[in-house]
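Each chain, written out:
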Amino acid sequence: MTRTGTRGEPAVDPDDVTIAYIGGGSRQWAPNLIQDLAQSPLDGEVRLYDAVPESAERNARFGNWVDDRPEATADWSYEATDSLPDALAGADIVITSTQYDPAETFVHDLDIPQEYGIHGAVAATIGPGGILRAMRTIPQYREFAAAIREHCPDAWVFNYTNPVHFVTRAMYDEFPEINAIGLCHEVLGTRHRLARYAREELDMDADREDVSVNVKGINHFTWVDEARCKGVDLWPVLEDLLESDHAHQRFAPEDLEGESVFTDNWQVSWELFRRFGVLPAAGDRHLIEYATWFMADGVEGLNRWGVRRTGSDYRAKHWTPAESDQTTDVEAWLAGEKEFELTDSDETFVDIVLALAGEKTYVTNVNLPNVGQVDGIEEGAVVETNATIRAGEVKPVAAGGFPRPVRSLISGHVNTIETVIEASREGDVDHAFEGFLIDQQIRTLQTDEARELFADLVAAESEYLEDWDLDGSSVLAEAERDVQ
């Protein structure tokens, strides 16, 4: 991916950046972005577009309120719009961060598979819930990609929406020339963890930025085979820790009472490292949905590895600030009901934009179509590796391949993703079911049970699947006949 200005200058002017935010009513990402921008060396305007206009308007008020605060060093203006074309027109940057009401979607993604014995910990990016999330999200993102092609074809597109690999792949499938990258902070969390080990085991003064890794895989199922801190090889440290009690913990359900679902005990990571010789680089709660051994025995099986399941009640409360620790209460700050302190999200957006503007060279993990950066995974599939980012360029770093067993696991998930993407071109439900059927969680079921689970999920979420030919599906018709 390379793009420069008309006179060989960087395509992004750091003093005049236009950002279109699709999903600008976001209750978590947008408030974080606003605070990051306020403290950045960048200036410009942000146009907030959301299917719920009042949410975008709230964030616009918040953005301008933050920009007016004395501790804000940058100069940004925020405007809400209910027109996607107006938001996108001439944008330098497009951010996509949007989802449907979790109470009407995520709840089913978690609860219905559980009735069939599939106890997903997150149900957001793979497995039955993740695939249904992809099916309801992909058509929307095809529309976004088409609109970007029309209104700002040269824009850099930052996708934060899960499932990142499905969504980013769909945008390229719709608009192959799009400059889109999928972003996720799981690898950043692994680098934080490795910095901790450098401090504790080597007595180094280290933080995330001091740690470099060779990362490769697909989103939420990434792997590391090299890790250094300030040039020091961390692999011997990891191999020593692998033999310690730290990497051989067992948990009972009562041990996890009161723990956040986001607490990462790293026991799944250690076990996979022990078995395959490469280190996973995502949180355990995500890894188990790709490496499905850890889902055996239901919730007790998850708990044994120190993983707490994200319950549907937690997801249902996601948009209510008083009930969700993931939801930012912007209104309380604006009304003076809650003290506001400008904080840094620790995300990479500002660093990436500065690099694209030619202010620095920056290396971080991104999701891009495979053009050879990962060996043994089919070309075009969206993979996650490091990329070198500089003026007008995002260049994926060649990361090599995997041991055969790991490659086999990843390729199976890629086949599911690619099958669903193919099906989405025509809204072919039966073809999508083929991708569903080969998912590693679904393969624990008989085929007729898998069909019934698929039909139950589709029925519960049909309102969000209007772009799929539900009436023309023989799979859904079979399920209906058997029920009768």
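Data block above holds the structure.
Here's what I pulled together on the structure shown here. A quick note: this is a predicted structure, and the numbers were derived from the prediction, not measured. Starting from 1, residues in each chain are numbered consecutively following that chain's sequence as written. Only residues with pLDDT of at least 70 get local features here, since the model is predicted, and only at 80 or more are side-chain atom pairs given and counted; chain-wide, interface and lining totals rely on the full set of residues. Hydrogen atoms and water are omitted, and side-chain values are computed over all heavy atoms in the structure.

A closer look at empty space enclosed by the protein
To keep things clear, this is the line we draw: We place a 1 Å grid over just the protein atoms. Points where a 1.4 Å probe fits but has no way out form a cavity, open points with protein on both sides within 12 Å along at least 5 of 7 lines form a pocket, and any residue with an atom within 4 Å of a point lines it. Grid points are joined across faces, edges and corners, and a volume is the space filled by probe spheres set on the points. By the convention adopted, Pro, Cys, Tyr, Trp, Phe, Met, Ile, Leu, Val and Ala count as nonpolar, Lys, Arg, Asp and Glu as charged, and the other residues, Gly among them, as polar.
Per the stated rule, a full pass over the model turns up six cavities of 30 Å³ or more. Considering only residue class, the lining of the largest cavity consists of six nonpolar, two polar and two charged.

Describing the packing of aromatic side chains
Counted only if it meets this: Stacked, edge-to-face and tilted are the three classes for Phe, Tyr and Trp ring pairs, Trp counted by its six-membered ring, which pair at centre distances within 6.5 Å; planes under 30 degrees apart are stacked, over 60 edge-to-face, the rest tilted. A run of H or I in DSSP becomes a helix once it reaches four residues, and a run of E becomes a strand once it reaches two; helices and strands are each numbered from the N terminus. Burial classes: relative accessible area under 20% of the type maximum marks a residue as buried, over 50% as exposed, and values in between as partly exposed (1.4 Å probe, protein chains only). A positively charged side chain is recorded as over a ring if its NZ (Lys) or CZ (Arg) lies within 6 Å of the ring centre. The angle to the ring normal must also be within 35 degrees.
Applying the stated criterion to the full structure yields 22 aromatic pairs. Centre to centre, the rings of Phe62 and Phe340 are 5.9 Å apart; their planes meet at 80°, and the pair counts as edge-to-face. Of the two residues, Phe62 is situated in helix H2 (residues 53-67) and Phe340 in the loop between helix H13 (330-334) and helix H14 (349-356); the sequence distance between them amounts to 278 residues. Considered together, Phe62 and Phe340 belong to a single accessibility category, that of buried residues. Through successive ring pairs, a cluster of aromatic residues spans Tyr197, Trp235, Trp266, Trp270 and Phe273. Sitting over the ring of Trp65, Arg69 keeps its end group 4.7 Å from the ring centre. Looking at Lys216, its charged tip hangs above the ring of Phe402, at a distance of 5.7 Å from the centre.

What about the pairing of strand E2 (residues 44-49)?
This is how it is decided: When DSSP finds at least two bridges between two strands, those strands are taken to pair. Crossover handedness is defined by viewing with both strands directed away from the observer: a clockwise path from the first strand over the helix to the second marks the crossover as right-handed.
Counting buried residues in E2 gives five out of six residues, a clear majority hidden from the surface. Relative to E2, strand E1 (residues 17-22) runs parallel, the two being bridged by six bridges. In the strand pairing of E2, Tyr21 is matched with Leu48. Taken together, E1, helix H1 (residues 29-38) and E2 form a β-α-β motif whose crossover is right-handed. One ladder, built from six bridges, connects E2 with strand E3 (residues 76-81); its direction is parallel. Bridging across to E3, Gly44 finds its partner in Trp76. Regarding the hand of the β-α-β motif, the stretch spanning E2, H2 and E3 is right-handed.

As for a negative patch on the surface
Quick reminder of the rule: A patch consists of residues exposed above 30% relative accessible area that lack any salt bridge, with like charges linked at up to 9 Å and nonpolar side chains (Val, Leu, Ile, Met, Phe, Trp, Tyr) linked at up to 5 Å. Using a 1.4 Å probe, accessible areas were evaluated by the Shrake-Rupley method; residue-level cover was limited to the displayed protein chains. Here, a salt bridge means any Lys or Arg side-chain nitrogen found within 4 Å of an Asp or Glu carboxyl oxygen. When charges are counted, Lys and Arg contribute as positive and Asp and Glu as negative, whereas His and the chain ends are disregarded. Charge positions come from single atoms, namely NZ of Lys, CZ of Arg, CG of Asp or CD of Glu.
The grouping of Glu201, Glu226, Asp233, Glu239, Asp240 and Glu243 at the surface amounts to a negative patch. According to the relative accessible area criterion, Glu239 is partly exposed, its value standing at 42%.

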